Amino acid sequence: MQRITILGATGSIGVSTLDVLARHPERYSVHALSAHSRVDELAAQCVQFRPARAVVGTADAAERLGALLRAAGVATEVDYGEAALCAIASAPEVDSVMAAIVGAAGLAPTLAAARAGKKVLLANKEALVMSGQLFIDAAAEAGAVLLPIDSEHNAIFQCLPSSYGRAPDSSGVAKILLTASGGPFLTRAVETLEDVTPEQACKHPNWSMGRKISVDSATMMNKGLEVIEAHWLFGAPADRIDVVIHPQSVIHSMVSYVDGSVLAQLGNPDMRTPIAHALAYPERIDSGVAQLDLTQVATLQFERPDFARFPCLALAFDALRAGGTAPALLNAANEVAVQAFLDLKIGFRQIDRVIAQVMDALPHGAADSIEAVMAQDALARAAADSIVAGMAK
Ligand code: NAD
Ligand code: MG
């Protein structure tokens, strides 16, 4: 029986994870669930899955959750705040942690899981983008197993040889080919991007996801963050990672080898596939996802990304090449800019301008401690806030 904590249980990934777990009650039990503010949803999940502990964002939310659970006769212990998140991520009773909080808020608990040597199912790409080598080193030191949930990285993981990383010279890996759908604005006239609404940006053609990652997909910052994520997960330099636009999202990514072979992982676009893969690894379990019917898909298309249409992708490559705390600055500026766009404070095309201005204004430093990374994160947020405040929409 694998005992699991889900950080971000009420989100898109959290809900898909519980869907897979519910199909295999003999294999998995839920130790703890967390949510930020959606108390009613979390209460319903506690009634169904009976975790020992549940964590929310504030004392007020904890009080409301406690009352709902008492009324339902559920004995889940309720707590709140970051220290409680770190506690459920590192508890000795836990085998695996699904890290599915969105954004920098997930860094501390995800790192706590890695430091405690857990099997870490990593959806929260922002945590790895911010902390990079520090995170990889912490996981290695504690013997934590990192399994990618991001569909592209999970695909790459499946296409790499099992010897990869141990004998990189003989593995023959030439390039990582990271596929990208291109999001909802792949073919929209560039001059009309100024006017798109949050609803249009969040309407992804193939995936149903949280609002932040949906906007990131529309700007392609999501792919930029994923390039940085691939760099850290697979030890690949920026020039060995190619982004390929593939609008159907059927191939989830590929690895090309020196002998000319290209291995790809395919499937219907449903996050329950990578979630089930990582949960059961190295075994395979049913995920609830229908088998892929290639005759239904019929056509697979590919094209190069247009960096002028998607400046965020170029900004992310720049940050990866700059190194140090540059990716943490990029991530923080992006989180502020995306929230400002969702709050109707800035337009869609102002997202990349906010990030570029923050990257120009702030020098990056060495990412030699989590404290240094968090200090840069705070500086970038303050700079981005003031740039947003000065922008007329
Ligand atoms: P979501 O917005 O649907 O859910 C986010 C979860 O995090 C919720 O449970 C919320 O309660 C919690 N949360 C939000 N702010 C928090 C805070 N300040 N403190 C603590 N908890 C907080 O997001 P999602 O789409 O499920 O994405 C989660 C993560 O997985 C992101 O990092 C995203 O990039 C990554 N990811 C998602 C998908 C997808 O298909 N949704 C695919 C690949 C990667
Ligand atoms: Mg992805």
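Residues numbered from 1 in each chain as written. Chains lettered and ligands numbered in written order. Predicted model: local features only at pLDDT ≥ 70, side-chain atom pairs only at ≥ 80, totals over all residues. Heavy atoms only, no water.

Colleague: Describe the pairing of strand S7 (residues 145-148), with residues and values.
Modeller: Of the strand pairs in this sheet, strand S6 (residues 119-122) and S7 are connected by four bridges, and their pairing is parallel. By the bridge assignment, Leu121 is partnered in S7 with Leu147. Once the chain exits S6 it traverses helix H6 (residues 125-142) before rejoining the sheet at S7, and the crossover so formed is right-handed. (Pairing = 2+ DSSP bridges. Helix = DSSP H or I, 4+ residues; strand = E, 2+ residues; numbered from the N terminus. Right-handed = clockwise from strand over helix to strand, strands pointing away.)

Colleague: Describe unusual backbone geometry, with residues and values.
Modeller: At the junction of Tyr281 and Pro282, the peptide bond is cis and its omega measures out at 10° in the coordinates. Mapped onto the fold, Pro282 is located in the loop between helix H12 (272-280) and helix H13 (294-297). Despite not being glycine, Met220 shows a phi value in the positive range, around 70°. Since its relative accessible area comes to 2%, Met220 is described here as buried. In the Ramachandran plot, Leu344 falls in the positive-phi region, its phi being about 65° despite a non-glycine side chain. Inspection of the secondary structure assignment puts Leu344 in the loop between helix H15 (326-342) and helix H16 (350-361). You can call Leu344 exposed: its relative accessible area is 55%. (Buried < 20%, exposed > 50% of the residue type's maximum accessible area, 1.4 Å probe, protein only.)

Colleague: Talk me through the environment of Lys212; I want residue IDs and the actual numbers.
Modeller: Counting through the fold element by element, Lys212 comes out in helix H10 (residues 211-219). Under the relative-accessibility criterion, Lys212 is labelled buried at 13%. Through-space distance from the C-alpha of Lys212 to that of Glu77 is 30 Å; in sequence the pair is 135 residues apart. In this structure the side chain of Lys212 is engaged in a polar contact, spanning 2.8 Å, whose partner is the side chain of Glu126. (Polar contact = N/O pair within 3.5 Å; in protein donor to acceptor, adjacent residues only side chain to side chain.)

Colleague: So what's going on with the site of ligand 1? Which residues, and what values?
Modeller: Among the 21 residues in the neighbourhood of ligand 1, the closest are listed as Thr10, Ser12, His36, Glu126 and Gly210. Here an oxygen atom of ligand 1 sits 2.8 Å away from a polar atom, N or O, in the main chain of His36. Backbone polar atom of Ala123 to an oxygen atom of ligand 1: 3.4 Å apart, as the coordinates give it. Contact with the protein chains covers 87% of the free accessible surface of ligand 1, which is 820 Å². If you list the elements that add at least two residues to the shell around ligand 1, you get helix H1 (12-22) and H6. Its residues placed into classes, the shell around ligand 1 shows eleven nonpolar, seven polar and three charged. Both domains that furnish three or more residues to the shell around ligand 1 are identified here as domain 1 (2-148) and domain 2 (155-268 + 290-297). (Near = heavy atom within 4 Å. Areas by Shrake-Rupley, 256 points an atom, 1.4 Å probe, with all protein chains shown as cover. Nonpolar A, V, L, I, M, F, W, Y, C, P; charged D, E, K, R; others polar. Domains from an automatic or database assignment.)

Colleague: Quick one: what's the story with the environment of Thr110, residue by residue and with numbers?
Modeller: Structurally, the position occupied by Thr110 is in helix H5 (residues 107-115). Note on Thr110: relative accessible area 1%, which makes it buried. Counting along the chain gives eleven residues from Thr110 to Ala99, while the straight-line C-alpha distance between them is 5.9 Å. Beyond its immediate sequence surroundings of up to four residues, Thr110 is in contact with Leu7, Ala99, Val120, Leu122, Asn124, Ala127 and Phe135. (Contact = heavy atoms within 4.5 Å.)

Colleague: Describe the domain arrangement of the protein, naming the residues involved and giving the relevant values.
Modeller: How large an interface is tends to be reported as the accessible area lost when its parts come together. Taken as a whole, the protein is organised into domain 1 (2-148), domain 2 (155-268 + 290-297) and domain 3 (323-390). On a C-alpha basis, the centroid separation for the pair domain 1 and domain 3 is 26 Å. Each partner contributes to the interface: domain 1 provides ten residues, whereas domain 3 provides twelve residues. At the boundary of domain 1 with domain 3, total buried surface from both sides reaches about 800 Å², with 73% on carbon and sulfur atoms. It is Val129, Met130 and Leu134 that lose the most area in domain 1 upon contact with domain 3, and together they represent 60% of the buried surface on that side. If you look at where domain 1 meets domain 3, you find zero salt bridges. Applying the counting rule to domain 1 against domain 3 returns one residue pair in polar contact (both at pLDDT 80 or more). (Buried area = accessible area lost by both parts, 1.4 Å probe. Salt bridge = Lys/Arg side-chain N within 4 Å of Asp/Glu carboxyl O.)

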